[in-house]
Amino acid sequence: MAPKIFIDGEHGTTGLQIRTRMAGRHDVELLSIPEAERRNAAMREDMLNSADIAILCLPDDASKEAVQMVSANNNVRVIDTSTAFRVNPGWAYGFAEMDGAQADRIRAARFVANPGCYPTGAIGLIRPLRAAGILPDGYPITVNAVSGYTGGGKQMIAQMENPDHPDAITAPHFLYGLPLTHKHVPEMTVHGLLDRAPIFSPSVGKFAQGMIVQVPLHLDDLAEGTTMESIHAALVAHYAGQDIVSVVPLAESNALPRVNAVELEGKDTMKLFVFGTSGASQVNLVALLDNLGKGASGAAVQNMDLMLAS
Ligand SMILES: NC(=O)C1=CN([C@@H]2O[C@H](COP(=O)(O)OP(=O)(O)OC[C@H]3O[C@@H](n4cnc5c(N)ncnc54)[C@H](OP(=O)(O)O)[C@@H]3O)[C@@H](O)[C@H]2O)C=CC1
Ligand SMILES: CC(=O)N[C@@H](CCC(=O)OP(=O)(O)O)C(=O)O
């Protein structure tokens, strides 16, 4: 019998994208409730408890409530796309490529926390350098990023796309998270293996799907002898054999005049770049992804497949 999957929040931005990705699949059975009943708690509880894997695409509070609904039922495994459980040690963090053992942890887990979109880029760049001893304790990391506006869910999509919306946003590009307390900072710190919280400055551009995450570094403050080439080599070694996360060859990135935030729109992959000038004292590490692809729905389906393969 095909495993049953229920997407709670299937009519929201992340849920819909997961449904689209599952459309042609015959190896799983999708359980579904009508859009009009999406907040019907009794119906959701019934569906959640009928599933082999429940994928939660809900705000944090609703996710916590859904987890409560299945907590006594060990037959149900959960992938949560919200922020609620990402630094909870009882949950596997759903970034399969972040270290060599993570895919196995996800395969074996009952509870998997899907990463945030920005942390996917930031951790993807930072963690291998911490693990390799290149980024020393106490290094003051900054993370600067731009996201497509779908990252803000149904509400921001309406604000960006509907000029008559009472809170319409007309800016083509805006900074937010200005108090520097964005909800993604804890997971960047924990899963980036950082001992000091990064300064995180997010922004949104007037495009639907895409993301650039930048981590600039001063080489003089890294492990002795670190060069642009050795950083690149550490990333290449870390992601060797991976097909979803790739490290762009230096010769290729050196020749690029610009990076297009929407290049990977609709794709579930992530590209990592090391920019700078050979022999100079600074580099800029860049991750390019689709906030709804490897940053959300693509990663959720990847995690589901790992769990189904266990
Ligand atoms: N968009 C993105 O790029 C990313 C989003 N995420 C996370 O995914 C989760 C979903 O986000 P997103 O899809 O963007 O949000 P949306 O607002 O687009 O969708 C959320 C869905 O959940 C439903 N919902 C809200 N509250 C409840 C409730 N109490 N019971 C049942 N259903 C409820 C909403 O229904 P209604 O229409 O009635 O409000 C809506 O259908 C969030 O936790 C978000 O942080 C994670 C990574 C990236
Ligand atoms: C543009 C925008 O608003 N983005 C969201 C993050 C999107 C994401 O990664 O989702 P999680 O909420 O699940 O972490 C934000 O900054 O809150």
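Computed from a predicted model, the values in this text were never measured in an experiment.

Structural notes on the UniProt feature "active site" (unreviewed entry) in the chain
Item 1. The feature "active site" (unreviewed entry), as annotated in UniProt, sits at C117 in this numbering.
Item 2. Residue position: C117 is located in helix α5 (residues 117–131).
Item 3. Apart from residues lying up to four places away in sequence, C117 is in contact with H184, M211, L289, N291 and G295.

A short note on the domain arrangement of the chain
Note on interface size: it is often stated as the accessible area lost on association of the parts.
Item 1. Domain parsing of the chain yields domain 1 (4–115 + 296–308) and domain 2 (117–291).
Item 2. Put simply, the middle of domain 1 and the middle of domain 2, counted by C-alpha atoms, are 25 Å apart.
Item 3. Buried area between domain 1 and domain 2, summed over both chains or domains, comes out near 1700 Å², and the portion from carbon and sulfur atoms is 51%.
Item 4. Linking domain 1 to domain 2 there are 3 salt bridges.
Item 5. Between E187 and R86 there is a salt bridge, with its nearest N and O atoms 2.7 Å apart.

Some words on the UniProt feature "domain: Semialdehyde dehydrogenase NAD-binding" (unreviewed entry) in the chain
Item 1. In this numbering, the UniProt entry assigns the feature "domain: Semialdehyde dehydrogenase NAD-binding" (unreviewed entry) to residues 4–106.
Item 2. For residues 4–106, the end-to-end C-alpha separation is 18 Å, with 35% helix and 17% strand making up the annotated structure.

Re the site of ligand 1
Item 1. Taken together, 23 residues are adjacent to ligand 1, and T13, T14, R39, L58 and K154 come closest.
Item 2. Contact distances for ligand 1 include 2.9 Å between an oxygen atom and a side-chain N or O atom of R38.
Item 3. Here L58 contributes a backbone N or O atom positioned 2.6 Å from an oxygen atom of ligand 1.
Item 4. Starting from 900 Å² of accessible surface for ligand 1 in isolation, the protein chains cover 84%.
Item 5. In this structure the site holding ligand 1 corresponds to the largest pocket.
Item 6. Put simply, the parts of the chain that give the shell around ligand 1 at least two residues each are α1 (13–22), α6 (153–161) and α10 (293–308).

Considering the pairing of strand β3 (residues 53–56)
Item 1. Alternating positions in β3 separate into two faces, I53 and I55 on one and A54 and L56 on the other, with burial throughout.
Item 2. Where β3 and strand β4 (residues 77–80) come together, 4 bridges link them in parallel fashion. Directly across from I55, in β4, lies its bridge partner I79.

Quick word on the confidence of the model for the chain
Item 1. This prediction gives the chain a mean pLDDT of 97; 100% of its residues lie at or above 70.
Item 2. Quick note on the complex model: pTM equals 0.97, ipTM equals 0.95.

Considerations on the packing of helix α2 (residues 41–50) against helix α3 (residues 60–70)
Item 1. Two numbers describe how α2 lies on α3: the axes approach to 9 Å, and their chain directions differ by 55°. Judged on the interaxial angle alone, α3 and α2 are oblique. For α2 against α3, the interelement crossing comes out right-handed. Residues A41, R44, E45, L48 and N49 of α2 form the contact with α3, whose own contacting residues are A62, E65, A66, M69 and V70.

Some thoughts on the site of ligand 2
Item 1. Within the structure, ligand 2 sits among 15 residues, and R86, Y176, H182, K183 and H184 are positioned closest to it.
Item 2. Residue R86 places a side-chain N or O atom 2.6 Å away from an oxygen atom belonging to ligand 2.
Item 3. One of the side-chain N or O atoms of H182 is found 2.6 Å from an oxygen atom in ligand 2.
Item 4. For ligand 2, whose free accessible area comes to 430 Å², the fraction covered by protein is 83%.
Item 5. The cavity where ligand 2 resides is the largest pocket.
Item 6. Looking at the shell around ligand 2 residue by residue, the class counts come to 5 nonpolar, 8 polar and 2 charged.
Item 7. Here the shell around ligand 2 gathers at least three residues from each of two domains, domain 1 (4–115 + 296–308) and domain 2 (117–291).

About the thresholds
- Residues numbered from 1 in each chain as written.
- Chains lettered and ligands numbered in written order.
- Predicted model: local features only at pLDDT ≥ 70, side-chain atom pairs only at ≥ 80, totals over all residues.
- Heavy atoms only, no water.
- UniProt positions renumbered as here; feature names shortened; annotations may be inferred.
- Helix = DSSP H or I, 4+ residues; strand = E, 2+ residues; numbered from the N terminus.
- Contact = heavy atoms within 4.5 Å.
- Domains from an automatic or database assignment.
- Buried area = accessible area lost by both parts, 1.4 Å probe.
- Salt bridge = Lys/Arg side-chain N within 4 Å of Asp/Glu carboxyl O.
- Near = heavy atom within 4 Å.
- Polar contact = N/O pair within 3.5 Å; in protein donor to acceptor, adjacent residues only side chain to side chain.
- Areas by Shrake-Rupley, 256 points an atom, 1.4 Å probe, with all protein chains shown as cover.
- 1 Å grid on protein atoms, 1.4 Å probe; cavity = no way out; pocket = protein on both sides within 12 Å on 5 of 7 lines; lining within 4 Å.
- Sits in = over half its atoms within 2 Å of the grid points.
- Buried < 20%, exposed > 50% of the residue type's maximum accessible area, 1.4 Å probe, protein only.
- Pairing = 2+ DSSP bridges.
- pLDDT = per-residue confidence, 0-100.
- Axes fitted to C-alpha atoms, helices over the stretch in contact; angles between N-to-C directions.
- Parallel < 35°, antiparallel > 145°, perpendicular 65-115°, else oblique.
- Left-handed = near helix turned anticlockwise from the far one by under 90°.
- Nonpolar A, V, L, I, M, F, W, Y, C, P; charged D, E, K, R; others polar.

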